[in-house]
Amino acid sequence: MALDLTQFHGVFFEESFEALDSMEAALLKLDVGAPEPELINTIFRVAHSIKGGSATFGFTPIASFTHSLETVLDEMRAGRMHVTTSISNLLLKSVDVMRNMLRAVQTNQPINAQQSADLQFDLELLIANPGAAAASQAPATAAAAAVVAAAPATTQCHNIRFKPHATFLTAGNDPLLVLRELRTLGGVQASVDASALPAFSDLAPTTSYLAWDVELSGEAQEPSIRDVFEWADDCCDLEIRCPTTSAAPAPPPAEAVPAPAAPAPTPISEPKSVPSSASTESGSIRVAVEKIDELMNTVGELVITQAMLSQLVGKLEGEGADQLRVGITQLERNMRELQESVMRVRMLPISFVFSRFPRMVRDLAQRLGKHIELKLSGEHTELDKTVMEKIGDPLVHLVRNSIDHGIEMPQVRIAAGKPACGTVLLDASHEGGNICITVSDDGGGLDKDRILAKARSRGLVGANDVLSDEQICELIFMPGFSTAEQTTDVSGRGVGMDVVRRNVMELGGSIEVRTEKGTGSRFIITLPLTLAIVDGQSVGVGSETYIVPLVSIVESLQLQPEMVKRLSGRGEVFSFRGDYLPIVRLHEIFGATPSKHELHDGLVMVVEGENRRVGLFVDDLLGQQQVVVKSLEPNYGRVEGVSGATILGDGSVALILDLNDLIRTAAQRVAA
Amino acid sequence: MKKRAKTPRIKRDRGTLVLQSEYTTAAAAELKAALVPLFAYHETIGLDASGAMRIGTAALQVLAAFVRDRRAQGRLTEWRGASPAFVDAAKLLGLTELLDLPAGQPA
């Protein structure tokens, strides 16, 4: 029965995209002139894996393209080709093309053949004419030979039996490349087993007949050896026998010709032999997001059940009730731990987002003729996958702005007594239950005079209004605001910062800017770690309970009748720290029946959203608690002013308020 | 659309087969086809791999079977040149002896 390969496509694409990301990262780290061999190896391995995979799955154009790429990389690895800026640019473009091709195949779209053919032609040209890059061929070969001899005097020795299956070659693999890759791990002595090689006349040229016994000396560990065979795994027999320590020096290159007459592997000391496969598996597994969401959901249900039990047990009396209470307390503790563990499963390091920036900064800086160094810190800070997916675009915008508007041209910087090379810093850290992401640059900073002038000319600020520095900075978050003199394709269309702020606020976060003219600016984004659980204040309106996210609450107060003013046709306002804030009666929005009608009987909660504050009139505050957010949309539909629902300890449902939406709705009502 | 660079064809020159600069797995069949008519030659056959810059295992396997079987029938095959890349590949695969490649071949 033929094996259905399509079932592996998903994994292949996922792994390939990840591998391309790491290839891109390695390319960006590659020093022109003196590249680190390990980086070239990393890049080569990616190309090799993708080539192998796409050949296996029959994605011929990708396999063909990566073959050319692999050849270039192989030349670089062997030292026959030197890394120059133009080659590094070409390789980066290849990453883009491979990504595009993979994406096209993944989505069943046609591949942009012209694009890949052009680039492949350039790669082939480079292979055919490496003269421009390769200054010396002879020393390079010597260097390659030196690699073989470079095994340390006292080394471990792995014995590898490598028998490719008959289809090994047709699947796009080549034992030669495998052995070359092994050679990067240490000294390689391969003796061939040609016993299966048929008579010349019977030989099928693309069938693999040979097998090898390889002695690998050096300090390589078994997992890294297995990595070499990773893609070829299912089309070869592989046996790696445990290391033996040999005190003998590695043979000099002159004796490198193996003696096939004695193919028997050297005896191996038995007590040291360990099972070869068990220890080699990596420490992580791939799990579909849906499965984790399902788990999360179940844990959410458990939390509710546990809350219900806690409430019930409070009412119990008599023998055994105390014991039950102790048990429930223990359950509560375990539940919290379980909940935190499941949440941690959804957490990913922010490096997933940060990794796209080195390339972007490099390309933009080149395009704009600026010198920019990107510094990343706190890449290991973890946050929820959903938050991560949504924060990428706003960050891209901020970094682009820093490069385009912030960092000055080199000559301007030098004239200002700064180093010609500007710095953009991306930093992430945890602060309490939040994650704080900072994008800062050492550029010119925000030009407050120009911002103010622009705002005045647009009528956003009155001609005689006096604004504080902070208020001026806030202006850049107004819709349609841009001070860029020219609209470039990088930035300046003024559709930026307001969208950035809106996206951040939709995630329940906030953004602020600090700047000093001449020394740079700093954008600070604060986000909740997760969207799945909210710290909420439960409020009562009649028989209903609503949850207000704690992050939006400024303060709660009881109004005195004299604090309230009524404006004809514009509702009620109350005086709050020198400002007049509109009052929104929650029961009117949701059509509930309140138990308190007079403002001075109930409570007013000052809440903030969309840069506006309102007073939310409710009957009573009930308590603070963490609630598990359940979306209404998949099962019901979107409800204005509500971001989701949760189930309370007594089993009743409470709506979680979406204050941005609520404030907008309330403003529309007043206007109407 | 740009055209791809052409690789030189197999040349026969007074009993010497000059190998192409590149042999991918797919091109191994082409190599075998070129070797088949030479296989039965009683005279010594020369192989010149001095221009072989990139050679895959498939092609080396074809060459190894060719040289081995001719040797078994008492017919000689001689290397008239081999590029460092060719020698390196043969050595790494442990095929030097099977190919009758001189050990002193410059690497």
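Caption draft 1: Spatial organisation of the overall build of chain B. Along its length, chain B carries 3 helices and 6 strands. For chain B, the sequential pattern of α-helices and β-strands runs β-β-β-α-β-β-α-β-α. Considering chain B as a whole, with its 107 residues, one finds that 54% of them fall into the buried category. Put simply, chain B shows about 5000 Å² of open surface, and 54% of that area lies on carbon and sulfur atoms.

Caption draft 2: The arrangement of the interface of chain A and chain B in detail. Between chain A and chain B, the contact holds 41 residues from the first and 40 residues from the second. For the pair chain A and chain B, the summed buried area comes to about 3400 Å², and 64% of that belongs to carbon and sulfur atoms. Applying the counting criterion to the chain A and chain B interface returns 1 salt bridge. Across the salt bridge formed by Arg 183 of chain A and Asp 88 of chain B, the nearest N and O atoms sit 2.9 Å from each other. Our enumeration of links across chain A and chain B arrives at 14 residue pairs in polar contact (both at pLDDT 80 or more). For the side of chain A that touches chain B, the element with the highest residue contribution is helix H5 (residues 113-128) of chain A, accounting for 7 residues. A per-class count over the side of chain A that touches chain B returns 23 nonpolar, 11 polar and 7 charged.

Caption draft 3: Quick peek at the pairing of strand E3 (residues 211-218) of chain A. Residue and element names in this part refer to chain A. Counting buried positions along E3 gives 7 out of 8 residues, so the element sits mostly inside the fold. Pairing of strand E2 (residues 187-193) with E3, which is carried by 7 bridges, proceeds in the antiparallel orientation. Within E3, the position partnered with Gly 187 by the bridge is Ser 217.

Caption draft 4: Quick look at the packing of helix H1 (residues 9-29) of chain A against helix H4 (residues 85-106) of chain A. Residues and elements named next belong to chain A. Viewed as axis vectors pointing N to C, H1 and H4 meet at an angle of 170 degrees, and their least axial separation amounts to 10 Å. With respect to H4, the axis of H1 lies roughly antiparallel. Contacts between H1 and H4 involve Phe 12, Phe 13, Ser 16, Phe 17, Leu 20, Asp 21, Met 23, Glu 24, Leu 27 and Leu 28 from the former and Leu 91, Leu 92, Val 95, Asp 96, Met 98, Arg 99, Leu 102, Arg 103, Val 105 and Gln 106 from the latter. Considered class by class, the residues forming the contact of H1 with H4 number 13 nonpolar, 2 polar and 5 charged.

Caption draft 5: Representation of unusual backbone geometry in the model. Look at Arg 577 of chain A: it is not a glycine, yet its phi comes out positive at around 45 degrees. Tracing the chain through its elements places Arg 577 of chain A in the loop between strand E16 (571-576) and strand E17 (579-585). The exposed category is assigned to Arg 577 of chain A, whose relative accessible area is 63%. In the Ramachandran plot, Asp 100 of chain B falls in the positive-phi region, its phi being about 60 degrees despite a non-glycine side chain. For Asp 100 of chain B, the location among the structural elements is in the segment after helix H3 (84-92). For Asp 100 of chain B, a relative accessible area of 35% translates into the label partly exposed.

Caption draft 6: Region of the structure containing a negative patch on the surface. On the surface, Glu 15, Asp 227, Glu 230, Asp 233 and Asp 234 of chain A cluster together into a negatively charged patch. Note that Asp 234 of chain A resides in the loop between helix H8 (222-228) and strand E4 (236-246).

Caption draft 7: Spotlight on a nonpolar patch on the surface. Residues and elements named next belong to chain A. On the surface, Leu 309, Leu 312 and Leu 331 cluster together into a nonpolar patch covering about 240 Å² of accessible area. Mapped onto the elements of the fold, Leu 309 is located in helix H9 (residues 289-315). Residue class for Leu 309 comes out partly exposed when judged on its relative accessible area of 37%.

Caption draft 8: View of H9 of chain A. Residue and element names in this part refer to chain A. In this model, H9 (27 residues) spans 40 Å end to end at C-alpha, consistent with the 39 Å of a helix rising 1.5 Å per residue. Restricting attention to buried positions, one finds in H9 the residues Ile 292, Met 296, Val 299, Gly 300, Val 303, Ile 304, Gln 306 and Val 313. Against helix H10 (321-346), strand E20 (620-628) and strand E21 (642-647) lie the buried residues of H9.

Caption draft 9: Focus on the nonpolar core. Residues Leu 182 of chain A together with Leu 35, Leu 63, Phe 86 and Leu 99 of chain B are the most contacted members of the largest nonpolar core, which totals 63 residues. Here the element with the most residues in this core is helix H2 (residues 57-72) of chain B; it accounts for 9 residues. In contact with Leu 35 of chain B, other than residues within four places in its own chain, are Phe 200 of chain A together with Leu 17, Leu 47, Val 62, Leu 63 and Phe 66 of chain B.

Caption draft 10: Geometry of the sheet that holds E16 of chain A. Residues and elements named next belong to chain A. One open sheet holds the 6 strands; their spatial order is E14-E18-E19-E17-E16-E15, and the pairing between them is mixed. Unpaired on one side and paired on the other, strand E14 (553-557) and strand E15 (564-567) mark the two borders of the sheet. Strand after strand, the sheet turns through a mean of 35 degrees between neighbouring axes, direction not considered. Sheet topology places strand E18 (residues 603-609) next to strand E19 (residues 612-618); 7 bridges connect them, and they run antiparallel.

Caption draft 11: Expanded view of the pattern of salt bridges. Inspection of every chain in the model, using the stated rule, returns 36 salt bridges over all chains. Salt-bridge contacts for Arg 77 of chain A lead to Asp 74 of chain A; the nearest nitrogen and oxygen are separated by 3.5 Å. Taken together, the positions of Arg 77 of chain A and Asp 74 of chain A, both in helix H3 (residues 60-77) and 3 residues apart, correspond to about one turn of that helix. A relative accessible area of 19% means that Arg 77 of chain A is categorised as buried. The buried category is assigned to Asp 74 of chain A, whose relative accessible area is 8%. Two residues, Asp 69 of chain B and Arg 68 of chain B, come together in a salt bridge whose shortest N-O distance is 2.9 Å. Of the two residues examined, Asp 69 of chain B and Arg 68 of chain B, each falls in the buried class. Each of Asp 21, Glu 24, Asp 96, Arg 99, Arg 359 and Asp 363 of chain A takes part in a single network of salt bridges with overlapping partners.

Caption draft 12: Looking closely at the confidence of the model for chain B. All names here are of chain B. Looking at chain B, pLDDT values average 81 and 82% of them are 70 or higher. Confidence, expressed as mean pLDDT per element, reaches its minimum in chain B at strand E1 (residues 11-13) with 50 and its maximum at H2 with 92. Confidence drops under a pLDDT of 50 for residues 1-9, and excluding neighbours within four residues, the segment shows 16 contacts in the predicted structure. Among the prediction metrics, the complex's ipTM stands at 0.88, with pTM recorded as 0.51.

What counts, and where the lines are drawn
- Residues numbered from 1 in each chain as written.
- Chains lettered and ligands numbered in written order.
- Predicted model: local features only at pLDDT ≥ 70, side-chain atom pairs only at ≥ 80, totals over all residues.
- Heavy atoms only, no water.
- Helix = DSSP H or I, 4+ residues; strand = E, 2+ residues; numbered from the N terminus.
- Buried < 20%, exposed > 50% of the residue type's maximum accessible area, 1.4 Å probe, protein only.
- Areas by Shrake-Rupley, 256 points an atom, 1.4 Å probe, with all protein chains shown as cover.
- Contact = heavy atoms within 4.5 Å.
- Buried area = accessible area lost by both parts, 1.4 Å probe.
- Salt bridge = Lys/Arg side-chain N within 4 Å of Asp/Glu carboxyl O.
- Polar contact = N/O pair within 3.5 Å; in protein donor to acceptor, adjacent residues only side chain to side chain.
- Nonpolar A, V, L, I, M, F, W, Y, C, P; charged D, E, K, R; others polar.
- Pairing = 2+ DSSP bridges.
- Axes fitted to C-alpha atoms, helices over the stretch in contact; angles between N-to-C directions.
- Parallel < 35°, antiparallel > 145°, perpendicular 65-115°, else oblique.
- Patch = residues over 30% accessible without salt bridge, like charges linked within 9 Å, V, L, I, M, F, W, Y side chains within 5 Å.
- Lys, Arg positive; Asp, Glu negative; His and termini not counted.
- Charge placed at Lys NZ, Arg CZ, Asp CG, Glu CD.
- Expected span 1.5 Å × (residues − 1).
- Core = buried A, V, L, I, M, F, W, Y, C linked by side-chain atoms within 4.5 Å.
- pLDDT = per-residue confidence, 0-100.

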